[in-house]
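Secondary and tertiary structure notes
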Amino acid sequence: MTSWTRWLVVCGVVGGIVGCAIIGRSGDAEAQRFLDAYDATYSKLQYDAQLADWDSNTHIVDGDETNAKRTEAAKGALAEFTGSKSNIEAARRFLAKPEALSPLQKKQFDAILYLAADNPQTIPDVVKERIAAETAQTEKLFGFHFKLAGKEVSTNEIDDRLRDDKDLAVRRADWEASKEVGIGLRDGLEKLRRLRNETVKALGYDDYFSYQVSDYGMTRQEMMDLLEKINRELRPLYREMHTYFRYELAKRYGQPVPNLIPAHWLPNRWGQDWNALVSVEGFDLDAALKTKQPEWFVKQAERFYVSLGFEPLPKSFWERSSLYPAPVGSTWKKNNHASAWHMDLDHDVRSLMSIEPNTEWYETTHHELGHIYYYLSYSNPDVPLLLREGANRAYHEAIGSMMGLAAMQPRFAAGVGLLQGAKKPDPMQTLLKEACNYVVFIPWSTGTMSVFEHDLYAKNLSPGEWNARWWELAAKYQGFEPPSPRDEQYCDPATKTHINDDPAQYYDYALSYVILFQIHDHIARKILHEDPHDTNYFGHKEVGDFLKSILRPGASVDWRQVLRDKTGEDLSARAMLDYFQPLLEWLREQNAGRSPAID
């Protein structure tokens, strides 16, 4: 029902930013008028902040604070608006009469209060200080000069050696060099923890971790219980993998079999991905990819999505993205962590990558374009600006990771000309390689990362205990340890970018893997009628139509209902367990007579 009663727009100016509230009797028309006015200001300020932040991540020059200051100012302006008292009061007033609001309007007002909690102008000095601290931390993190034997090295070079080198002394030196960045980030992280907690407490949240979890409609404890449940369900499979690779790696390096795997034995700086440990004969994508130009990787990923019925990427994507490493000898640096950006909440979409010709970047490009096509799908007139997000944050990662999985399956790879030779890939080795990505990630994401960030924010963990707690969790959940004791002069948690600049949200990735396998299972069995272990989505418009039905509504629908409607089940690790069940049985055979070292 629409109410056209008398209303008055009252605007206040805070730091040059206008915050508007509508005074009068609540009703759909009045609420919509407020939301339209809010959107107009929010879209401009949000775009300005994204543009500044983009430059801060793609052009980092030692000693030049121009981008940092611009980013700080733009984020400050956005914070002053989203956290303005007038906007908070107006949203609360409209929400006090929910019966007068449509469900879509209520969702938008909830979103306004959620945004406000990150920047409440009831404590403007704290918010301003936090924004400055975040900008400084980002510059320090991505402007760091990694060195090995006095010579500067890139993170790509470190990662390459950790994937391939067999010399343990070389591996240890690379691993230790990769952790040096954390030392200079400790003080900044301590400051950020304090400021982030102070910020959200102003709107009634206990701590920053609780605030981030609330975006799922869950309490902090409900989320931790869910993560522990997922970890526990997949634990038998991970335990068998851990046992198997303890023995295999000891053989590879000519060492006694350890209980906890030394961190530098693994092909990833944080032990979150063991994919490089398994070679599948007949499935050597690196051999086919090493001759490809970096642009090919993105063009091939685009071809995949277009084959499903999506539109080609906007011309601006190619003009404005930063897809390749900074040239050798550049006077500037860039953030090398792959990401996708929805700049204007409309069609200015970009990706930040540093593509090298290898399998990891092949999968990553498909993943990042999953985010891009999600952005483009919900940027439509039916989805209000404030709800142009994933159904929840995990959905974004689920779609990207699922498309990465699909692009790596043997029939797909053969179909796009990446498999060479007559030998058919061994199904069990293929499954083991996939598990080294997806299964290995679960204890890292549900355990080490999420429990550490929970303790950091919710328990106010003392900085004097950070490194000890980090390695305690790595031992408990992942079953590995550093090559030598790491005392509190180090800050190894801060070497992970998300701890600094994407905080208290890492469980998104864990939940995304569960959702990924639920959606993939449905596509394989119900749409393609194929074995989930070896599908080929390419060219199937019906798969694209199914995906569009998930992507297009964005956050305008309840995430639980989306999963239930599209897959027929609630959030569950069932599909993931089913997918890897043959591997669990095979690993038990291989591990006969071997003792597990983790519970």
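Above this note sits the structure.
Residues numbered from 1 in each chain as written. Predicted model: local features only at pLDDT ≥ 70, side-chain atom pairs only at ≥ 80, totals over all residues. Heavy atoms only, no water.

This paragraph deals with the packing of helix 1 (residues 28–58) against helix 2 (residues 66–82). Two elements in contact, helix 1 and helix 2, have axes separated by 8 Å at closest approach and are oriented at 160 degrees. On the basis of their axis angle, the class for helix 1 and helix 2 is roughly antiparallel. Two packed elements cross with a definite hand, and for helix 1 against helix 2 that hand is left-handed. Along its contact with helix 1, which presents Y38, T41, Y42, L45, Q46, D48, A49, L51, A52, D53, D55 and S56, the element helix 2 presents N67, A68, R70, T71, A74, K75, A77, L78, F81 and T82. Grouping the amino acids of the contact of helix 1 with helix 2 by side-chain chemistry returns 11 nonpolar, 6 polar and 5 charged. (Axes fitted to C-alpha atoms, helices over the stretch in contact; angles between N-to-C directions. Helix = DSSP H or I, 4+ residues; strand = E, 2+ residues; numbered from the N terminus. Parallel < 35°, antiparallel > 145°, perpendicular 65-115°, else oblique. Left-handed = near helix turned anticlockwise from the far one by under 90°. Contact = heavy atoms within 4.5 Å. Nonpolar A, V, L, I, M, F, W, Y, C, P; charged D, E, K, R; others polar.)

A separate point is the packing of aromatic side chains. Enumeration according to the criterion identifies 46 aromatic pairs in this entry. With centroids separated by 5.8 Å and ring planes inclined at 50 degrees, the aromatic side chains of F34 and F94 adopt a geometry described as tilted. With F34 in helix 1 and F94 in helix 3 (residues 85–95), the pair connects residues that are 60 residues apart, well separated along the chain. Looking at F94, the relative accessible area reads 2%, which means it is buried. Look at Y244 and F245: their rings are 5.1 Å apart centre to centre, the planes differ by 85 degrees, and that puts the pair in the edge-to-face class. For the residue pair Y244 and F245, the accessibility class agrees, reading buried in each case. (Phe/Tyr/Trp six-rings, centres within 6.5 Å; stacked < 30°, edge-to-face > 60°. Buried < 20%, exposed > 50% of the residue type's maximum accessible area, 1.4 Å probe, protein only.)

A full pass over the atoms with the stated rule returns 39 salt bridges. For the salt bridge of R574 with D578, the shortest nitrogen-to-oxygen distance reads 3.0 Å. Residue R574 and its partner D578 are both found in helix 23 (residues 574–590); the two are separated by 4 residues, about one turn of the helix. Beyond isolated ion pairs, a larger network of salt bridges with shared partners links D521, R525, E569, R574 and D578. (Salt bridge = Lys/Arg side-chain N within 4 Å of Asp/Glu carboxyl O.)

In this fold, Q46 is placed in helix 1. Here M343 takes part through its backbone oxygen, which lies 3.0 Å from a polar atom of the side chain of Q46. With sequence-adjacent residues up to four places away left out, Q46 is seen in contact with L78, H342, M343, D344 and L345. (Polar contact = N/O pair within 3.5 Å; in protein donor to acceptor, adjacent residues only side chain to side chain.)

In strand 7 (residues 349–352), alternate side chains face the same way, and those of V349 and S351 on one face and R350 and L352 on the other are all buried. As paired strands, strand 6 (residues 339–342) and strand 7 are joined by 4 bridges and run antiparallel to one another. Its bridge partner lying in strand 7, W341 is registered against R350. Here strand 6 folds back onto strand 7 in antiparallel fashion, the turn holding 6 residues, of which L345 has a positive phi close to 60 degrees. (Pairing = 2+ DSSP bridges.)

Here the focus is the side chain of N335. Mapped onto the secondary structure, N335 falls in the loop between helix 13 (315–320) and strand 6. For N335, the side chain forms a polar contact with the main-chain nitrogen of H337, separated by 2.7 Å. Beyond its immediate chain neighbours, meaning those up to four positions away, N335 contacts N57, I60, F142 and L352.

The subject of this paragraph is helix 20 (residues 507–528). End to end, helix 20 covers 30 Å across 22 residues, agreeing with the expected 32 Å (1.5 Å per residue, within 8%). Taken from the residues just after helix 20, H529 is the one with a positive phi, measuring 55 degrees. (Expected span 1.5 Å × (residues − 1).)

At their nearest, the axes of helix 17 (residues 427–458) and helix 23 sit 10 Å apart, and the two run at 115 degrees to each other. When you trace helix 17 past helix 23, the crossing you get is left-handed. Across the interface between the two elements, M428, Q429, L431, L432, E434, A435, Y438, V439 and I442 of helix 17 pack against M576, Y579, F580, P582, L583, W586 and L587 of helix 23. Of the residues in the contact of helix 17 with helix 23, the class split is 14 nonpolar, 1 polar and 1 charged.

It is worth spelling out unusual backbone geometry at this point. Note: most peptide bonds trans; most residues except glycine with negative phi. Although it is not a glycine, A149 sits at a positive phi angle of roughly 55 degrees. Along the chain, the position of A149 falls in the loop between strand 3 (147–148) and strand 4 (151–152). Of note in the backbone geometry, H529 takes a positive phi value of approximately 55 degrees without being a glycine. Within the secondary structure, H529 is located in the loop between helix 20 and helix 21 (541–551). Judged by relative accessible area, H529 falls into the exposed class, the value being 63%.

Below, the discussion takes up the environment of M218. Take M218: it is sitting in the loop between helix 9 (208–213) and helix 10 (220–253). Remark: the alpha-carbon pair of M218 and Y47, spanning 171 residues in sequence, is separated by 29 Å. Those residues in contact with M218 that lie beyond four places of it in its chain are V213, M223, L226 and R560.

All buried positions along helix 21 are accounted for by V543, G544, F546, L547, I550 and L551. Taken end-on, helix 21 shows its buried residues confined to a sector of 160 degrees, consistent with a single buried face. Buried-residue contacts for helix 21 involve helix 14 (359–378), helix 15 (393–408), helix 20 and helix 22 (559–567). (Arc of directions from axis to C-beta.)

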